[in-house]
Amino acid sequence: MSSFFDELTARQFQTDADGTENFYPFGKIGAGYFAPRGAERDALLGRARRLNKIAAALVVIVGTASGAVSSHLTHLTAIAIWAGVVALVTLGLALAQGSLASGLTKSRRRYDM
């Protein structure tokens, strides 16, 4: 039985009709890359799964923390802090997700919905 994160990560990989597997670090948006084979593919799959778990944990942590902090601040201050934290987390995750494709050859294929 596969977990939620296994399914989420598997959706980042797609195989073309000719058997070429592509990796989409940003899912439906952004470029695809030719996926490596064998042990390199397994390592990439593991890193992508780990990053998806970290992203989910950060969503929960930021959401919980923003609720706890906002009760002690003025409305506008809480919104400003929350927006800044969300922007930093989003930027960090985007950079980390992009780093998964480091060293991979860019594919001309787009994500097939």
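Residues numbered from 1 in each chain as written. Predicted model: local features only at pLDDT ≥ 70, side-chain atom pairs only at ≥ 80, totals over all residues. Heavy atoms only, no water.

Trainee: Can you explain the overall build of the chain? Please cite residues and give values.
Mentor: When you go through the chain residue by residue, the secondary structure sums to three helices and four strands. Mapped in sequence order, the helices and strands of the chain form the string α-β-β-β-α-α-β. Its C-alpha radius of gyration of 17 Å places the chain more than 25% over the 13 Å reference for a compact globule of 113 residues. Overall, the C-alpha framework of the chain stretches about 55 × 30 × 25 Å when taken along its three principal axes. Counting only residues that meet the buried cut, the chain has 27% of its 113 residues in that class. Expressed as a percentage of contacts within the chain between residues at least 6 apart in sequence, the contacts between residues at least 24 apart total 64%. When the 12 positive and 8 negative side-chain charges of the chain are each reduced to one mean point, those points stand 6 Å apart. (Helix = DSSP H or I, 4+ residues; strand = E, 2+ residues; numbered from the N terminus. Rg over C-alpha atoms; globule rule 2.2 N^0.38 Å. Buried < 20%, exposed > 50% of the residue type's maximum accessible area, 1.4 Å probe, protein only. Contact = heavy atoms within 4.5 Å. Lys, Arg positive; Asp, Glu negative; His and termini not counted. Charge placed at Lys NZ, Arg CZ, Asp CG, Glu CD.)

Trainee: Can you lay out the environment of glutamine 12 for me, pointing to particular residues and giving the numbers?
Mentor: By the element assignment, glutamine 12 lies in the loop between α1 (4–10) and β1 (13–15). Considered as a pair, glutamine 12 and leucine 45 are 33 residues apart in the sequence and their alpha carbons are 9.1 Å apart. Every residue in contact with glutamine 12, bar those within four places of it in the chain, is listed here: Asn22, Phe23, Tyr24, Pro25, Ala48, Asn52 and Gln97. At 3.2 Å, the side chain of glutamine 12 forms a polar contact with the side chain of asparagine 52. (Polar contact = N/O pair within 3.5 Å; in protein donor to acceptor, adjacent residues only side chain to side chain.)

Trainee: Kindly report on a nonpolar patch on the surface, identifying the contributing residues and their values.
Mentor: Together, Leu73, Ile81 and Val85 make up a nonpolar patch on the protein surface, roughly 210 Å² of accessible area in all. As for its placement among the helices and strands, valine 85 is situated in helix α3 (residues 75–99). (Patch = residues over 30% accessible without salt bridge, like charges linked within 9 Å, V, L, I, M, F, W, Y side chains within 5 Å. Areas by Shrake-Rupley, 256 points an atom, 1.4 Å probe, with all protein chains shown as cover. Salt bridge = Lys/Arg side-chain N within 4 Å of Asp/Glu carboxyl O.)

Trainee: Which residues make up the nonpolar core, and what values do they have?
Mentor: The biggest cluster of nonpolar side chains holds 13 residues, and the ones touching the most others in it are Phe13, Phe23, Tyr33, Leu44, Leu100 and Leu104. Ranked by residues supplied to this core, first place goes to helix α2 (residues 39–70) with four residues. Setting aside its immediate chain neighbours within four residues, leucine 100 contacts Phe23, Leu44, Arg47, Ala48 and Leu51. (Core = buried A, V, L, I, M, F, W, Y, C linked by side-chain atoms within 4.5 Å.)

Trainee: How would you explain the pattern of salt bridges if you had to name every residue and give the values?
Mentor: Here the idea is simple: oppositely charged side chains can pair when their charged atoms come close. Under the definition given, this model contains three salt bridges. Residue aspartate 6 is joined to arginine 49 by a salt bridge in which the shortest nitrogen-to-oxygen separation is 2.7 Å. With a gap of 43 residues between them, aspartate 6 in helix α1 and arginine 49 in helix α2 connect regions that are remote in the sequence. Classification of aspartate 6 as partly exposed rests on a relative accessible area of 27%. Taking relative accessible area as the criterion, arginine 49 reaches 24% and is therefore assigned partly exposed.

Remember, this is a structural readout, not a statement about activity or role.
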